[in-house]
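# Structural characterization, general
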Amino acid sequence: MSDAKRALVLHVAGSGEPLVFALSDRGAKSLAMRLPTLMNSGGVDSPELADGNTVSVNFAHVVTAHLDDLPPLGRVYGSVTHRGHGFTK
């Protein structure tokens, strides 16, 4: 289980599909303890992604959130193999 990559799965109000972010080990451990509080308070947090970047999440707009195992072939935000976002290549 220690080899499993962690993902933050967010269901945002007004969106049909969940947002999935690949988390770093440190980001997943840190967020796991604080996720219930962030959901209850509607706070803002910036977890560390697997590629070293961060993402700011306003939990006031999140309907449900949970941590899950990242699919082995999944290409999601923050994934180390997915580098083509924005104008950078």
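Worth saying up front: this structure is predicted, and the values here are computed from it rather than measured. (Residues numbered from 1 in each chain as written. Predicted model: local features only at pLDDT ≥ 70, side-chain atom pairs only at ≥ 80, totals over all residues. Heavy atoms only, no water.)

## What about the overall build of the chain?
The test is simple: Each helix corresponds to a stretch of at least 4 residues labelled H or I by DSSP, and each strand to a stretch of at least 2 residues labelled E; elements are numbered beginning at the N terminus. For each residue, the accessible area found with a 1.4 Å probe, counting protein chains only, is set against the maximum for its type, and the residue is called buried under 20%, exposed over 50%, and partly exposed in between. Residues count as neighbours in contact if any of their non-hydrogen atoms are within 4.5 Å of one another. In this description, accessible areas are obtained by the Shrake-Rupley approach with a 1.4 Å probe, and a residue is regarded as covered only by the protein chains that are shown.
Helix and strand counts for the chain stand at 1 helix and 5 strands. Counted from the first residue to the last, the chain has its helices and strands arranged as β-β-α-β-β-β. Within the chain, the proportion of its 89 residues that are buried is 33%. Look at the contacts in the chain between residues 6 or more apart in sequence, and 57% of them connect residues 24 or more apart. Counting every atom, the chain has about 5,900 Å² of accessible surface; 56% of that belongs to carbon and sulfur.

## Considerations on helix α1 (residues 25-41)
Test applied: To estimate how far a helix should extend, the number of its residues minus one is multiplied by 1.5 Å. Fitting one axis to the seven residues ending at a residue and another to the seven starting there, the bend at that residue is the angle between the two axes.
The first and last C-alpha atoms of α1 sit 24 Å apart over 17 residues, in line with the 24 Å expected at 1.5 Å per residue. Along α1, the largest kink reaches about 55 degrees and is centred on R34; proline P36 follows within four residues of it. Buried within α1 we find G27, A28, L31, L35 and L38. Looking at the packing, one finds that the buried side of α1 touches β1 (6-12), β2 (19-23), β3 (44-45) and β5 (62-69). At the exit of α1 stands G42, carrying a positive phi of roughly 70 degrees.

## Considerations on the environment of T64
Note on placement: T64 falls in strand β5. For T64, a relative accessible area of 37% puts it in the partly exposed group. On a C-alpha basis, the gap between T64 and V12 in space is 7.3 Å, while along the polypeptide they are 52 residues apart. Leaving out residues up to four positions away in the same chain, T64 has contacts with V9, L10, H11 and M39.

## A closer look at the pairing of β1
What counts here: Any two strands with at least two DSSP bridges between them are considered paired.
As paired elements, β1 and β2 share 5 bridges and run antiparallel to each other. Counterpart to V9 in the pairing with β2 is V20. From the end of β1 to the start of β2, which pair antiparallel, there are 6 residues, and G14 there has a positive phi angle of about 85 degrees. Taken together, the 7 bridges between β1 and β5 define a ladder with antiparallel strand orientation. Note on β5: the bridge partner recorded for H11 is T64.

Interpretation in functional terms is not warranted from these geometric data alone.
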